[in-house]
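# Structure assessment
The residues making up each chain are set out below.
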Amino acid sequence: MTETDTITTPTILIDADACPVKDEIYKVAERYDLQVITVSNSYMRVPREDFIRQVVVSDKFDAADDWIAERATDLTIVITADILLAERCVKAGAAVLSPAGKPFTENSIGSQVATRAIMADLRAGAVGQNIGGPPPFSKADRSRFLQALDLAVTKLKRNKA
């Protein structure tokens with residue numbers, strides 16, 4: 001796949017730099033006969049399978065996000081923890097899931113973006129306080145992700161049949 005290629009078959013796009021569920025995605029994609037594209041700022045090891053492609057973008061700020069958002073359509077499922085990328089992809093018609101299995105939808109993305117902004121403001125003003133980030137990734141998150149991905153794939157396949 002080149003920089004200008006468009007996606008014409010059901011595909012999972014992974015914001016791969018910090019995605020903890022890549023192995024699970026590969027298994028689900030193989031089971032459902034889907035293409036997978038991992039997008040990152042640096043090379044990473046991915047299985048050598050015909051249905052998996054790796055795209056390494058420049059280290060420019062948001063280069064991976066831009067690559068994914070430009071190709072997100074109703075034929076794609078995007079996996080990302082980045083709420084702003086999720087918003088762009090939802091607007092493009094993609095199904096979007098966090099690695100913890102939380103779906104980003106047209107109905108929820110506005111409040112999720114607002115919450116992100118509030119938390120960023122709180123962290124910025126938290127001199128001497130530890131507000132912290134998200135909780136550690138758990139087995140329950142992994143299980144919830146697999147359920148959500150299976151549901152998203154089933155819906156995508158049904159809508160494209």
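First things first, this report covers the structure right here in the doc. Counting of residues starts from 1 at the beginning of each chain's written sequence and follows it residue by residue. Local features are withheld for residues below a pLDDT of 70 in this predicted model, meaning they are given only at 70 or higher, and side-chain atom pairs are given and counted only at 80 or more; totals for whole chains, interfaces and linings count all residues. Hydrogens and water molecules were not included; the side-chain quantities draw on all heavy atoms of the structure.

The next thing to look at is helix α2 (residues 63-71). Type-normalised accessible area, obtained with a 1.4 Å probe on protein chains alone, sets the label of each residue: buried when under 20%, exposed when over 50%, and partly exposed for intermediate values. Note on conventions: DSSP H or I runs of at least 4 residues are helices, E runs of at least 2 residues are strands, and numbering of each starts at the N terminus. Counted residue by residue, α2 has seven buried out of nine residues, so it is predominantly covered. Those residues of α2 that sit buried are Ala63, Ala64, Asp65, Trp67, Ile68, Ala69 and Arg71. Only heavy atoms enter the contact rule, under which two residues are in contact if any of them lie within 4.5 Å. Where α2 is buried, its residues contact β1 (11-15), β2 (35-40), β3 (52-56), β4 (76-79) and α3 (83-91).

Alternating positions in β4 separate into two faces, Thr76 and Val78 on one and Ile77 and Ile79 on the other, with burial throughout. Direction of pairing for β1 relative to β4: parallel, over a ladder of four bridges. Note on β4: the bridge partner recorded for Thr11 is Thr76. As judged from the three bridges shared by β4 and strand β5 (residues 95-97), these two strands associate in the parallel manner. In the strand pairing of β5, Val78 is matched with Val96. Call a crossover right-handed when, viewed with both strands pointing away from you, the route from the first strand across the helix to the second goes clockwise. Of the crossover connections in this fold, the one passing from β4 over α3 to the parallel β5 is right-handed. By definition, two strands form a pair when at least two bridges between them are found by DSSP.

One finds Ile12, Ile14, Ile25, Val36, Ile77, Ile79 and Leu149 to be the most contacted residues of the largest nonpolar core, which totals 24 residues. Secondary structure elements with two or more residues in this core: β1, α1 (22-32), β4 and α5 (139-160). Examining the composition of this core, we find that six residues originate from one element, α5, more than from any other. With residues near it in sequence (within four places) discarded, Ile79 still touches Ile12, Leu13, Ile14, Asp15, Cys19, Val21, Ile25, Leu97, Pro99, Phe145 and Leu149. Counting 21 residues, the second-largest nonpolar core is a separate cluster that includes Leu13, Val57, Val78 and Leu85. By nonpolar core is meant a set of buried Ala, Val, Leu, Ile, Met, Phe, Trp, Tyr and Cys residues that side-chain atoms within 4.5 Å join together.

Take the pairing of β1 next. Every regular strand shows the same layout, with side chains that alternate between the two sheet faces. Most of β1 is tucked away: five of the five residues are buried. Residues Thr11, Leu13 and Asp15 line one face of β1 and the alternating positions Ile12 and Ile14 line the opposite face, and both faces are buried. Bridge analysis of β1 against β2 gives five bridges, and the strand direction is parallel. Note that in β2 the partner of Leu13 across the bridge is Ile37.

To continue, consider the environment of Leu34. Structurally, Leu34 can be placed in the loop between α1 and β2. Distance from Leu34 to Val153, taken between C-alpha atoms, is 8.8 Å for residues 119 residues apart in sequence.

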